[in-house]
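# Breakdown of the fold
Next come the chains, spelled out residue by residue.
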Amino acid sequence: MSPELEENSQGEISVPQLEAGILSDEEGSGSARPLVSVPGVGPGCGDDSGAGPPLTQDGAAVGPGNGSVVVPVVERETWTRQMDFIMSCVGFAVGLGNVWRFPYLCYKNGGGVFLIPYLLIVFIGGIPVFFLEIALGQFMKQGGVSAWNIAPLFKGLGLASMVIVFFCNTYYIMILVWGLYFLFHSFTSPLPWATCGHPWNTPNCTQDFRRACHNRSAVQSALPSSAVTPFNPLSSTSPMNLSSTQLLFNGSCLEAEGLRSPVIEFWERKVLRLSGGLHEPGDISYEMVLCLIATWVIVYFCMWKGVKSTGKVVYFTALFPYLVLVVLLAHGVTLPGALDGIVYYLKPDWSKLGEAQVWIDAGTQIFFSYAIGLGALTALGSYNRFHNNCYQDAFVLALINSGTSFFAGFVVFSVLGFMAAEQGVDISKVAESGPGLAFIAYPKAVTLMPLAPLWAALFFFMLLILGLDSQFVGVEGLITGIMDMLPPKSVLGSLRREVVAAICCIICFLIDMSMVTEGGMYVFQLFDYYSASGITLLWQAFWECVVIAWVYGADRFMDDVARMIGYQPLSYMKWCWSYVTPFVCVGVFLFHVVNYKPLTYNTVYTYPMWGEALGWALALSSMLCIPVTVLYKLLRCKGSLRERWQHLTTPVWGRHHLEYLAPESEAKLLPPAGPKGTLLFESVI
């Protein structure tokens, strides 16, 4: 039901009810307060009382109400077609987290057993929070920071999401840089990672593991034991000989650990040029610096022209990766050993369920791939029509997102099965779990196809498409949040958006310079493990649920959703927000603390204590935004603790909410008194 405005002869607007943000009569009339400071405005936190009625941003006076805050704003634009919203969410949320991260975590955690905690947490954590963020944006008609005006005391949630998305933008783009580097090397035949004999290859490089192992084992007895040295993949130099225990196990070639695939050597010795650890940054790769500059230039000019300029190609960027994945799977299942890889993918190792890291990775992968806690879903939802069925959209998008992750796993594991059969080893021995799995398994897959350079170029172009649309939205959200926080009448507030975008991109670029060194992968994994995933997203999701369910009110928010979509969602959502999801987040968080292990890279390198401390500093920089902001606002506000709480938890409404305010909270809208305010509202996409 859509109530209509009723205008009386005195110019007052009486509107039907909206429970959210209403304080009871006995709690005081509470003058409405504007979203930004206006000279002469009535009492508020840290402000002196002033005469006259409070004003909104456009100078309109707002009469005494019931404690809620009314903010007249300009009409917010909406999607041309609702499918634009669906495809934009698919383009943003479905990305490298599905094609790169999910198979990597599944491989790392014992194959199919990872699907059990993953699917469980999808239904009790992923979908409820995913729906909450979209519905919050649609209801408030504001982006990731300003949407928390629904409970201004907890606006630190918006600040925390900005810190997280800043770190995510910083390290996420490195995957695009690696993809661009591979793309540039895809226009040669044969592909540089398909054969040995290049300057970066070692004597242990081989394309045929079975034949190499057989030939070497025949002469192994002729070598003195003193001439045998095991191979160290982190070493810059490689030994000429191999250990007989590595090559021979019961007279067969089951443990060919000393042999190296040209794909792995290209990745570790050409692309990454791995050093001995975080303490050895080494030299900067100028080829990677050029790729980094090119990637940031692409991102900047897409931002400079506006994300809307990409709206016409969003259908291509969202659907093209699926076409490439289908082709790769069709070829992958025809390879020998592919069935074994798929069985390994689906067959669970039940002993893994007792390991904390499996549950940690399952929860964080959902929040990472669903883009929860970054504020971007809220911004996307804010451009929906007010009565759009966001409840249905949330389930459709969740199905697409998780389905893509599951489907990409088949593509990866069919290739891993073939690589294991080729080398004559167990699938778990094929490649170390690590962020580079997509840069090992997928490049190997395209080398087995006819016209390999064409398929390689298509695949890495797909990676760029997957990552760029996600990167665009993340950087846009960061820039818009910064523009919203700049003082309107200050020198900073007068900066053009293009200048702010350039400053943000340059800062991120300078941080990224630490990731194009020989120790860059260790820095990358530090950011990946601590700053923009893991417990930071769990912490963010926990507080989002607590604020909506217990501060604003789960029943009130469910009623607000019902006003938008026309019916009440399943009560399971309310119970998840109130109890289940916060409990899951706290449980996984404590599980991580109790079973905490030092961060390692490929089970070979253990990070030093100072590296761990740096990682926790990255995590706490966003996590502390919430409690610090709450304390700051409470201490700065005047009155008793109860009065401060009531004042700071009073929602700040927009003009579209006037249609739903309670009849007793009539607002008198007077002609604008002077120039309009310069409050900037978020405009992600």
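Note that the structure is predicted; figures quoted are calculated from it, not measured.

Moving on to the overall build of the protein chain. Helices and strands together make up the secondary structure of the protein chain, namely 22 helices and 7 strands. When the accessible area of the protein chain is evaluated, it comes to approximately 27,500 Å², of which 65% is carbon and sulfur surface.

Within this structure, the stated rule accounts for 6 cavities of 30 Å³ or more. A volume near 200 Å³ is recorded for the largest cavity. Taken together, 19 residues make up the lining of the largest cavity; nearest its centre are Phe92, Tyr172, Phe368, Leu374 and Ser470. Counting residues per element, the lining of the largest cavity draws most heavily on helix H4 (residues 156–184), which supplies 4 residues. Looking at the lining of the largest cavity residue by residue, the class counts come to 11 nonpolar, 8 polar and no charged.

Turning our eyes to something else, we now look at unusual backbone geometry. A cis amide bond links Ser189 to the next residue, Pro190, at an omega of 0°. With respect to the helices, strands and loops of the structure, Pro190 is situated in the loop between H4 and helix H5 (209–219). The backbone phi angle of Arg273 is positive, close to 50°, even though this residue is not glycine. Its place among the elements puts Arg273 in the loop between helix H7 (262–271) and helix H8 (286–305). Look at Arg273 and you get partly exposed, because its relative accessible area is 23%. For Ala371, which is not glycine, the phi dihedral falls at a positive 60°. Note on placement: Ala371 falls in the loop between helix H11 (356–369) and helix H12 (376–381). Classification of Ala371 by relative accessible area gives buried; the value is 3%.

What follows is about the packing of aromatic side chains. One pass over the full model with this rule turns up 48 aromatic pairs. Ring geometry for Phe131 versus Tyr391: centroids 5.2 Å apart, planes at 65°, classification edge-to-face. With Phe131 in helix H3 (residues 115–140) and Tyr391 in helix H13 (residues 390–423), this residue pair connects regions lying 260 residues apart in the sequence. You'll find Phe131 and Tyr391 in the same group, each marked buried. Put simply, the rings of Tyr171, Trp178, Phe182, Trp193, Trp200, Phe266, Trp267, Phe439, Phe459, Phe460 and Phe524 pair up and form one aromatic cluster. Directly above the ring of Tyr552 sits Arg556, whose terminal nitrogen or CZ lies 4.9 Å from the centroid. The residue whose ring lies beneath Lys574 is Trp575, and the NZ or CZ to ring-centre distance is 5.6 Å.

Here the focus is the state of the cysteines. Under the counting rule described, the total for this entry stands at 1 disulfide. Put simply, Cys196 and Cys205 are joined by a disulfide, and their sulfur atoms are 1.9 Å apart. In this structure, the disulfide formed by Cys196 and Cys205 twists by about -80° around the S-S bond and is classed as left-handed. Overall, Cys196 belongs to the partly exposed group, its relative accessible area being 23%. For Cys505, which is in no disulfide, the shortest distance to another cysteine sulfur is to Cys508 and amounts to 6.7 Å.

To continue, consider H13. Taking 1.5 Å of rise per residue, 34 residues should cover 50 Å, and H13 covers 49 Å from first to last C-alpha, within 8% of that figure. In terms of burial, H13 is a largely internal element, 25 of the 34 residues being buried. Directly after H13, the chain includes Gly424, whose backbone phi takes a positive value near 70°.

The interhelical angle for the contact between helix H1 (residues 82–93) and helix H9 (residues 314–332), taken along N-to-C directions, is 50°, at an axis separation of 9 Å. Between H1 and H9, the crossing angle belongs to the class labelled oblique. Here H1 runs over H9; the crossing is left-handed. Packed against H1, whose contacting residues are Met83, Asp84, Met87, Ser88, Val90 and Gly91, the element H9 presents Val314, Tyr315, Ala318, Leu319 and Tyr322 at the interface.

For the rest of this paragraph, the subject is the packing of helix H17 (residues 520–531) against helix H20 (residues 609–623). Interaxial distance between H17 and H20 falls to 8 Å at its minimum, and their mutual angle equals 45°. It follows from the interaxial angle that H17 and H20 lie oblique. Of the two elements, H17 crosses H20, and the hand of that crossing is right-handed. Note on element contacts: H20 touches H17 through Gly611, Glu612, Leu614, Gly615, Trp616, Leu618 and Ala619, opposite Leu526, Phe527, Tyr530 and Ser531. The residue makeup of the contact of H17 with H20, split by class, is 7 nonpolar, 3 polar and 1 charged.

On to the environment of Arg563, then. As for its position among the elements, Arg563 is in helix H18 (residues 535–565). In sequence terms Arg563 and His387 are 176 residues apart; their C-alpha atoms lie 7.6 Å from each other.

Turning our eyes to something else, we now look at the side chain of Asn388. Looking at the secondary structure, you find Asn388 in the loop between H12 and H13. Those residues within four positions of Asn388 in sequence are excluded, and the remaining contacts are Gln82, Gln138, Asp393, Met564 and Ile565.

Side chains that are three or four residues apart share a direction in an α-helix, a result of its 3.6 residues per turn. The end-to-end C-alpha distance of H20 is 21 Å, a good match for the 21 Å that 15 residues give at a rise of 1.5 Å each. All of the buried residues in H20 are Gly611, Glu612, Gly615, Leu618, Ala619, Ser622 and Met623. Looking down the long axis of H20, one finds its buried residues gathered within 135° of arc, a one-sided arrangement. Of the surrounding secondary structure, the elements contacted by the buried residues of H20 are H4, H17, H18, helix H19 (571–594) and helix H21 (625–636).

On to the pattern of salt bridges, then. For the structure on display, the rule yields 6 salt bridges. The salt bridge partner of Glu518 is Arg273, with a shortest N-O separation of 3.4 Å. In this pair, Glu518 sits in the loop between helix H16 (497–512) and H17 while Arg273 sits in the loop between H7 and H8, placing the two residues 245 residues apart along the sequence. Between Lys352 and Glu355 there is a salt bridge, with its nearest N and O atoms 3.9 Å apart. Residue classification places Lys352 among the buried residues on the basis of a relative accessible area of 19%. Accessibility expressed as a relative area gives 36% for Glu355, which makes it partly exposed.

Looking at the protein chain, the pLDDT average stands at 75 and 74% of residues meet or exceed 70. Across the protein chain, the secondary-structure element scoring lowest on mean pLDDT is helix H6 (residues 244–247), at 32, and the one scoring highest is H21, at 93. In this model, residues 1–43 is a region of pLDDT below 50 whose contacts with residues beyond four sequence positions or in other chains number 114 contacts. Note that pLDDT drops below 50 for residues 216–255; the model gives that stretch 67 contacts with residues more than four away or on any other chain.

Here we come to the environment of Leu176. Within the secondary structure layout, Leu176 lies in helix H4. Look at Leu176 and you get buried, because its relative accessible area is 1%. Leu176 sits 120 residues away from Trp296 along the chain, and the two C-alpha atoms are 9.8 Å apart. Those residues within four positions of Leu176 in sequence are excluded, and the remaining contacts are Leu96, Thr295, Leu463, Leu464, Gly467, Leu468 and Gln471.

Moving on to a nonpolar patch on the surface. A contiguous nonpolar patch, built from Leu290, Ile293, Val297 and Phe301 and spanning about 360 Å² of accessible area, is present on the exposed surface. With respect to the helices, strands and loops of the structure, Phe301 is situated in helix H8. The exposure class of Phe301 is partly exposed, given its relative accessible area of 42%.

Cut-offs applied
- Residues numbered from 1 in each chain as written.
- Predicted model: local features only at pLDDT ≥ 70, side-chain atom pairs only at ≥ 80, totals over all residues.
- Heavy atoms only, no water.
- Helix = DSSP H or I, 4+ residues; strand = E, 2+ residues; numbered from the N terminus.
- Areas by Shrake-Rupley, 256 points an atom, 1.4 Å probe, with all protein chains shown as cover.
- 1 Å grid on protein atoms, 1.4 Å probe; cavity = no way out; pocket = protein on both sides within 12 Å on 5 of 7 lines; lining within 4 Å.
- Points joined across faces, edges and corners; volume = space filled by probe spheres on them.
- Nonpolar A, V, L, I, M, F, W, Y, C, P; charged D, E, K, R; others polar.
- Buried < 20%, exposed > 50% of the residue type's maximum accessible area, 1.4 Å probe, protein only.
- Phe/Tyr/Trp six-rings, centres within 6.5 Å; stacked < 30°, edge-to-face > 60°.
- Lys NZ or Arg CZ within 6 Å of the ring centre and 35° of its normal.
- Disulfide = S-S within 2.5 Å.
- Expected span 1.5 Å × (residues − 1).
- Axes fitted to C-alpha atoms, helices over the stretch in contact; angles between N-to-C directions.
- Parallel < 35°, antiparallel > 145°, perpendicular 65-115°, else oblique.
- Left-handed = near helix turned anticlockwise from the far one by under 90°.
- Contact = heavy atoms within 4.5 Å.
- Arc of directions from axis to C-beta.
- Salt bridge = Lys/Arg side-chain N within 4 Å of Asp/Glu carboxyl O.
- pLDDT = per-residue confidence, 0-100.
- Patch = residues over 30% accessible without salt bridge, like charges linked within 9 Å, V, L, I, M, F, W, Y side chains within 5 Å.

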